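Observations on the three-dimensional arrangement
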Amino acid sequence: MGRAAAARGGAGGARRWLPWLGLCFWAAGAAAARGTDNGEVLPESIPSAPGTLPHFIEEPGDAYIIKSNPIALRCKARPAMQIFFKCNGEWVHQNEHVSEESLDESSGLKVREVFINVTRQQVEDFHGPEDYWCQCVAWSHLGTSKSRKASVRIAYLRKNFEQDPQGREVPIEGMIVLHCRPPEGVPAAEVEWLKNEEPIDSEQDENIDTRADHNLIIRQARLSDSGNYTCMAANIVAKRRSLSATVVVYVDGSWEVWGEWSVCSPECEHLRIRECTAPAPRNGGKFCEGLSQESENCTDGLCILDKKPLHEIKPQSIENASDIALYSGLGAAVVAVTVLVVGITLYRRSQSDYGVDVIDSSALTGNSLLLNSSMQPDLTVSRTYSGPICLQDPLDKELMTESSLFNPLSDIKVKVQSSFMVSLGVSERAEYHGKNHSGTFPHGNNRSFTTVHPRSKTPYIQNLSSLPTRTELRTTGVFGHLGGRLVMPNTGVSLLIPHGAILEENSWEIYMSINQGEPSLQSDGSEVLLSPEVTCGPPDMTVTTPFALTIPHCADVSSEHWNIHLKKRTQQGKWEEVMSVEDESTSCYCLLDPFACHVLLDSFGTYALTGEPITDCAVKQLKVAVFGCMSCNSLDYNLRVYCVDNTPCAFQEVVSDERHQGGQLLEEPKLLHFKGNTFSLQISVLDIPPFLWRIKPFTACQEVPFSRVWCGNRQPLHCAFSLERYTPTTTQLSCKICIRQLKGHEQILQVQTSILENERETITFFAQEDSTFPAQTGPKAFKIPYSIRQRICATFDTPNAKGKDWQMLAQKNSINRNLSYFATQSSPSAVILNLWEARHQHDGDLDSLACALEEIGRTHTKLSNIKESQLDEADFSYSRQNGL
């Protein structure tokens, strides 16, 4: 083995030194021919200028090996004594070179040309950090010169297209965008489009553009553009054909103008007609809407009836009709009174099931502080208490009177269960059934954000103040043609209604709600819910341009690890997939940011985001926080550690619950990356000060199963720890809360606080407060002044020969996917700006938008530097408020 290695080493060394040995033998022969002993090359014996380095007349070029055919690399230099190839850092054997010499007649210098062959096997056997490469090294008396490196690659073209064009039906003068991504190949394939098997020449038709990433764009569809389109990809190896896409350009029918009225008929009517021929529907277009025939009376009320003018008819028939109407009305009144009496009787009988129907204060064991017998009940509002009411202690009466929980009870009717039901304690808590006042849905719902604060004077307070879990948060606003923005404060959920989305002289009351109960979307398999369920309505409302719905999510966005879907709940309560956020679609658009998803939609409903982890590296972002409060025992202090989805609405629910329990945030919340690797979560309390505090044995560390964290329900996940002071004089607490996933990430919450409220530092719940007014309408709701927006749309909606149109505007705003959605809009630039407004509702970074416009080169003035005189009065006042 040693000899073989030495032999290989010797062979390799000989191969490396062969060019130098050949050069030495050449120099020695030349010296002997000149009769010199020292082998020096005399400059005057060379037909060139003294000190001339070799100059390459031809350098080796990049080459591709097709199938199994070797390729030849050649180079030519003057003056050159020798030329050798070096490939991948190794000298090529002298025997593999083919060399030719000639004389340059113009300069009299010797020209040397050398070429070698490179085989497919040599390239396949090479495994290096870069492509297989070769270069020439030429020698002259003064030194050496090196040529450029020429790469050698194996050419190929795969069979399957990465994306085939899809057939479409578009209205006449609409935009057609056909996508094509050719197969992977070396060298990269060139793309050509065929229509009905004939090549398309975009230079001969300005309406067609084939420059944008191999896509075919027809700016304004014509009837002649209907046909079968095929994407052809070709390189030096082969040609490939995509699947054909059928494009149908249709024409919706329209009405001619009405024709002349016909002659008045014996029935005192005349007719007029119109035909659906301006234009007639073609290629499956819609037929004309509306009537094709219209009739009306043609005698102005003087029609002849039974050969008598109408004004000569006796009034007897009219009197008979009046009598019939009178008797019918009296009969209906009698029936209504009868039904009312029966209904009241049944109602009183049904109320006897409760045992007692209380209107005054006498039934509440003498508690005259709650209700006043002189107060009249408001029948529009009712509340029912289905649990026992304990009012025996005078202190309880005081609490009941003082608590804000019962402030609105002055005008309601109270129904108390029978004494038998109360003694059994059938219900554990009181239930409140509120009936909204008549009116449009859902006025005043922003008040639902307030919570009831408990008191700590008596143990009864927890029972008295226990409210049922809120099922949803709601907000509402009235919007018109000017559009606006509807925001759910501190939830990350918002709705942008663009200017012009609602027809002029129309207004709609638009609402938005978040489900805070158990999610109706049940996960299938490995799919998990990544966002709240958001409802916007009314569902029967139509818009002329897409609105933008912003939904927060808790996924650590990565297309390599997550497959994220947008889903919508149907009227039957089932959930259907709208699209994957990575898909191409013309019905809606999803833009996924790190913490929120901005969705462009044209129909209202209930939406949510779900995620399917592709790998174990898929990560959910959790917000971890610690709250503390004193317990009933004056020496105990309770810590509650929460791990919830990193969405503002999930954390707001925690904050509301803690306010209800008297808890205080002890440390600024932090993010924890929780992997989908099936490992559990551990929460532990560390570094408790000895001799001051103690924790119960075996309770300092708690573990939560993976499934409870990864796909748990909507209830906030938390672990509770109870600490005990040794003496009442201890008022300071310092410790660490460690939250970590096994074989994953961890976070440390440093607690340094006073357990006394008057000494405790207040920590802000939310880093960013949303607008005080959930509904903003008109220009003040938008960051871009309307006149500036109009200029941008007018500029970029128009196709440009240099490509500086709405597609470039989208690219500069990091919108690089699913451009066909914008191509279907009447104003693509306006929809792009709507998406910008949704993404920048908090920062309103107009400078970044101005820089993007300047980079495109279509505008030369920053938005932030526009003179006030250039804006109209409405935009002027708005821009002054926003610092433009």
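Structure's up top.
I will try to describe carefully the structure that is included in this document. (Residues numbered from 1 in each chain as written. Predicted model: local features only at pLDDT ≥ 70, side-chain atom pairs only at ≥ 80, totals over all residues. Heavy atoms only, no water.)

So, the nonpolar core
Grouped together as the largest cluster of nonpolar side chains are 69 residues, with contacts concentrated most on Leu495, Leu549, Leu639, Ile737 and Ile739. Among all residues touching Ile737, those that are not within four sequence positions of it are Val626, Leu639, Val641, Ile683, Ser684, Val685, Gln747, Ile748, Leu749 and Val751. With 33 residues, the next largest nonpolar core counts Val177, Leu591, Phe782 and Leu846 among its residues. (Core = buried A, V, L, I, M, F, W, Y, C linked by side-chain atoms within 4.5 Å. Buried < 20%, exposed > 50% of the residue type's maximum accessible area, 1.4 Å probe, protein only. Contact = heavy atoms within 4.5 Å.)

Considerations on the packing of aromatic side chains
Summed over the entire model, instances satisfying the criterion amount to 13 aromatic pairs. Between Phe126 and Tyr132, the aromatic rings sit 5.7 Å apart at their centres with planes inclined by 90°, giving edge-to-face as the arrangement. Using a relative accessible area of 26% as the deciding quantity, one classes Phe126 as partly exposed. Site record: aromatic cluster; members linked through ring pairs are Trp562, Phe674, Phe706 and Trp710. Across the ring face of Trp133, the terminal group of Lys149 is positioned such that the distance to the ring centre comes to 4.1 Å. Lying over the aromatic face of Trp710, Lys620 brings its terminal NZ or CZ to 5.9 Å of the ring centre. (Phe/Tyr/Trp six-rings, centres within 6.5 Å; stacked < 30°, edge-to-face > 60°. Lys NZ or Arg CZ within 6 Å of the ring centre and 35° of its normal.)

Things to note about the state of the cysteines
By definition, a disulfide is the covalent link that joins the sulfur atoms of two cysteine residues. Applying the stated criterion across every chain, the model contains five disulfides. Shown here is the disulfide that connects Cys75 with Cys136, its sulfur atoms set 2.1 Å apart. Judged by the sign of its S-S torsion, about -105°, the bond between Cys75 and Cys136 is left-handed. On the criterion of sequence distance, the pair formed by Cys75 in strand 3 (residues 71-78) and Cys136 in strand 8 (residues 132-139) is long-range, its members being 61 residues apart. You'll find Cys75 and Cys136 in the same group, each marked buried. (Disulfide = S-S within 2.5 Å. Helix = DSSP H or I, 4+ residues; strand = E, 2+ residues; numbered from the N terminus.)

Quick word on the pattern of salt bridges
Scanning all chains against the criterion turns up 20 salt bridges. The residue Arg241 makes a salt bridge to Glu197 at a minimum N-O spacing of 3.0 Å. Of the two residues, Arg241 sits in strand 20 (residues 239-241) while Glu197 sits in the loop between strand 15 (190-195) and strand 16 (198-199), which places them 44 residues apart along the sequence. On the basis of relative accessibility, which here comes to 43%, the residue Arg241 falls in the partly exposed class. (Salt bridge = Lys/Arg side-chain N within 4 Å of Asp/Glu carboxyl O.)

With respect to the sheet that holds strand 13 (residues 176-178)
Read from one edge to the other, the open sheet built from three strands follows the order 13-18-17, with strand pairing classed as antiparallel. The open sheet has two edge strands, strand 13 and strand 17 (208-209), and neither has a second partner. For strand 13 and strand 18 (residues 216-218), the ladder comprises three bridges, and the chain directions are antiparallel. The partner of Ile176 across the bridge, within strand 18, is Ile218. (Pairing = 2+ DSSP bridges.)

Observations regarding a negative patch on the surface
The grouping of Glu577, Glu582, Asp583 and Glu584 at the surface amounts to a negative patch. Along the chain, Glu584 turns up in the loop between strand 34 (575-580) and strand 35 (589-592). Exposure remark for Glu584: the relative accessible area of 37% places this residue in the partly exposed category. (Patch = residues over 30% accessible without salt bridge, like charges linked within 9 Å, V, L, I, M, F, W, Y side chains within 5 Å. Areas by Shrake-Rupley, 256 points an atom, 1.4 Å probe, with all protein chains shown as cover. Lys, Arg positive; Asp, Glu negative; His and termini not counted. Charge placed at Lys NZ, Arg CZ, Asp CG, Glu CD.)

Considering the environment of Trp133
Its location among the elements puts Trp133 in strand 8. Under the relative-accessibility criterion, Trp133 is labelled buried at 11%. Taking the C-alpha atoms as reference points, Trp133 and Asp62, separated by 71 residues in sequence, lie 8.6 Å from one another. Contacts of Trp133, omitting those with residues within four sequence positions, involve Lys86, Cys87, Asn88, Gly89, Lys149, Ala150 and Ser151. Separated by 3.2 Å, the side chains of Trp133 and Glu130 make a polar contact. (Polar contact = N/O pair within 3.5 Å; in protein donor to acceptor, adjacent residues only side chain to side chain.)

Honestly, it's all geometry; don't read function into it.
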